[in-house]
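Coordinate analysis (summary)
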Amino acid sequence: MTYQTDNDKLYRYLFKDRAVRGEWVRLNSTFNATLNTHQYPQVIQNLLGEMMVAASLLTATLKFEGDITVQVQGDGPLKLALVNGNSNQQIRALARLQSEVKDDMTLAQLVGQGILVITIAPTEGERYQGVIALDKPTITACLEDYFVRSEQLQTQLIIRTGEFDGKPVAAGMLLQIMPDGSGSPEDFDHLATLTATVKDEEIFALTAEELLYRLYHEETAVEIFPAQSVEFFCGCSQERSGAALLLIPDDEIDEVLAEHNGTIDMQCECCGTHYFFNKEAINVLKNN
């Protein structure tokens, strides 16, 4: 089985006879671009992949224009895992570690006392923030429980991370009863049972149409909508780095310049891009 054409794509679909909606996304280049500038332990790579897929699916489900942030904060070896995305399906991620991480660590061992925070900042309208307890074995299970409790909607969330064709991949599916109350719990449970049978090699390699046929070929009315592309996008710039540099006291800037042969190298945590500033460039920033 080889890679097909639906990498870095998000699809929405609808079971018209059952009032249930679904989404599927697969991150290949998007996920690889996140990992290329970091040497994260495997367990952290998997966690970031899980969070990136979750952010993509959540953005599509909530149907808003604006930005979304999904972050894990804790006092364990993993201090922070952060995913930023937007309604254009542009996404980036990073993690910060504060002690040794072992690949057999559970989520609870990684995070310690921690929380999952979802922040939604629409282009228009009020900002929303939800704080979710990390009281389940995985981020996926915590989010699934959150949907059921906060949205009062039956929701199934399946996220897989791993390696396919020698490269990291992360993919996921979301199934949700329609919020207008027209769906039945029995119909949702039937489709959820089918969805749960998905294999890694199917979700990592098949096209959306092949995957949906493989899972739901006995369903008579599955409508699939045009794909939305997903991409890694950082948004860092010389200007933003310069603005951050100006927050540092002058004497500390002078000290760093003296220690590094008159040049400050500011590297973006997300994409690894370097931005260089000498004394002259810093003076220009101050005078603008």
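Residues numbered from 1 in each chain as written. Predicted model: local features only at pLDDT ≥ 70, side-chain atom pairs only at ≥ 80, totals over all residues. Heavy atoms only, no water.

Heads up, the rule is: UniProt positions are given in the numbering used here, feature names are shortened, and annotations may be inferred rather than shown by experiment.
Going by the annotation in an unreviewed UniProt entry, the name recorded for the protein is 33 kDa chaperonin, with Pasteurella dagmatis ATCC 43325 given as the source organism. In its Sequence similarities (unreviewed entry) section, the UniProt record describing the protein reads: "Belongs to the HSP33 family." Taken verbatim from the UniProt record of the protein, the Function (unreviewed entry) comment is "Redox regulated molecular chaperone. Protects both thermally unfolding and oxidatively damaged proteins from irreversible aggregation. Plays an important role in the bacterial defense system toward oxidative stress."

Notes on the overall build of the protein
Put simply, the rule reads: By the criteria applied, helices consist of DSSP H or I runs no shorter than four residues and strands consist of E runs no shorter than two, each listed in order from the N terminus. Only heavy atoms enter the contact rule, under which two residues are in contact if any of them lie within 4.5 Å. Here the accessible surface of atoms and residues is derived via Shrake-Rupley with a 1.4 Å probe, and residues count as covered only by protein chains that are part of the display. None of His or the chain ends enter the tally, which takes Lys and Arg as positive and Asp and Glu as negative. For charged residues, the charge sits on one atom: NZ in Lys, CZ in Arg, CG in Asp, CD in Glu.
Each helix and strand in the protein was counted, giving ten helices and 14 strands. Reported as C-alpha extents along the three principal axes, the dimensions of the protein are approximately 70 × 40 × 40 Å. Long-range contacts, defined as pairs at least 24 residues apart, comprise 63% of the intrachain contacts of the protein with a sequence gap of at least 6. Accessible area of the protein: about 14,400 Å², with a carbon and sulfur share of 48%. Once the 21 positive and 42 negative side-chain charges of the protein are each reduced to a mean point, those two points are 1 Å apart.

Details of empty space enclosed by the protein
To be explicit about the condition: Lining residues are defined by having an atom within 4 Å of a point belonging to a cavity or pocket. Those points lie on a 1 Å grid over the protein atoms alone, cavities being sets where a 1.4 Å probe fits but cannot get out and pockets being open sets with protein on both sides within 12 Å along at least five of seven lines. Grid points are joined across faces, edges and corners, and a volume is the space filled by probe spheres set on the points. The classification used treats Ala, Val, Leu, Ile, Met, Phe, Trp, Tyr, Cys and Pro as nonpolar, Asp, Glu, Lys and Arg as charged, and all other residues, Gly among them, as polar.
Tallying each qualifying case throughout the model produces one cavity of 30 Å³ or more. The space that makes up the largest cavity amounts to roughly 40 Å³. In terms of lining, the largest cavity is formed by Ala-55, Ser-56, Thr-59, Ile-68, Gly-85, Asn-86, Gln-89, Gln-90 and Ile-91. Elements with a contribution of two residues or more to the lining of the largest cavity: α2 (42–62), β4 (78–86) and β5 (90–97). When residues in the lining of the largest cavity are grouped by element, the largest group, three residues, is from α2. Looking at the lining of the largest cavity, its residues break down into three nonpolar, six polar and no charged.

Here we look at the packing of aromatic side chains
Any aromatic ring pair is given by two values, namely how distant the centres are and how the planes are angled relative to each other. To keep things clear, this is the line we draw: Two rings belonging to Phe, Tyr or Trp (six-membered ring only in the last case) form a pair when the distance between their centres is within 6.5 Å. Interplanar angles under 30 degrees mark stacking, angles over 60 mark edge-to-face geometry, and anything in between is tilted.
Applying the stated criterion across every chain, the model contains four aromatic pairs. Ring centres of Phe-15 and Tyr-216 lie 4.8 Å apart, and the angle between their planes is 85°; on these two criteria the pair is classed as edge-to-face. With Phe-15 in strand β1 (residues 9–15) and Tyr-216 in helix α7 (residues 208–216), this pair connects stretches of sequence that are 201 residues apart. One aromatic cluster is present, formed by Tyr-13, Phe-15 and Tyr-216 through successive ring pairs.

Notes on the nonpolar core
Heads up, the rule is: Remark: nonpolar core denotes a set of buried residues (Ala, Val, Leu, Ile, Met, Phe, Trp, Tyr, Cys) joined through side-chain atoms within 4.5 Å. Each residue is placed in one exposure class: buried if its accessible area under a 1.4 Å probe, protein chains only, is under 20% of its type's maximum, exposed if it is over 50%, and partly exposed if it falls in between. Domains are outlined according to an automatic or database domain assignment.
With 55 residues, the main nonpolar core has Ile-44, Val-72, Leu-78, Ile-118, Ile-139 and Leu-143 as its most contacted residues. The element best represented in this core is α2, accounting for twelve residues. If you count residues domain by domain, this core takes at least three from each of domain 1 (9–232) and domain 2 (238–287). Judged by nonpolar contacts, the second largest core, of 26 residues, contains Trp-24, Leu-153, Ile-203 and Leu-212.

Description of a negative patch on the surface
Cut-off, in case you're wondering: Each patch is assembled from residues with relative accessible area greater than 30% and no salt bridge, linking like charges that lie within 9 Å and nonpolar side chains (Val, Leu, Ile, Met, Phe, Trp, Tyr) that lie within 5 Å. The term salt bridge refers to a pairing of a side-chain nitrogen on Lys or Arg with a carboxyl oxygen on Asp or Glu at a separation within 4 Å.
A cluster of acidic residues, Asp-251, Glu-252, Glu-255 and Glu-259, forms a negative patch at the surface. With respect to the secondary-structure elements, Glu-255 resides in helix α9 (residues 250–259). For Glu-255, a relative accessible area of 48% puts it in the partly exposed group.

Here we look at the layout of surface pockets
Taken as a whole, the largest pocket spans an internal volume of roughly 330 Å³. Residue lining of the largest pocket: 18 residues in total, with Arg-92, Cys-234, Cys-236, Cys-268 and Glu-269 positioned closest to the centre. Secondary structure elements with two or more residues in the lining of the largest pocket: β4, β5, α8 (238–245) and β13 (263–267). In the lining of the largest pocket, the residues fall into nine nonpolar, five polar and four charged. Shared between two domains, the lining of the largest pocket takes at least three residues from each, and those domains are domain 1 (9–232) and domain 2 (238–287).

Quick word on the sheet that holds strand β12 (residues 231–232)
Basically, it comes down to this: Each pair of strands is called paired provided DSSP finds at least two bridges between the two strands. Only the contacting stretch of a helix is used when fitting its axis, a line to C-alpha atoms as for every element, and angles between N-to-C directions run 0 to 180 degrees.
Here six strands make up an open sheet; going across it, the order is β7-β6-β3-β4-β5-β12 and the pairing mixed. Looking along the sheet, the strands with just one partner apiece sit at the ends: β7 (128–133) and β12. Bridge count for β4 against β5 is seven bridges, and the pairing is antiparallel. If you follow Leu-78 over to β5, its bridge partner there is Leu-97. Sheet strands in contact with α2 are β3 (66–74), β4, β5 and β6 (114–122), and its direction is about 35° off that of β4.

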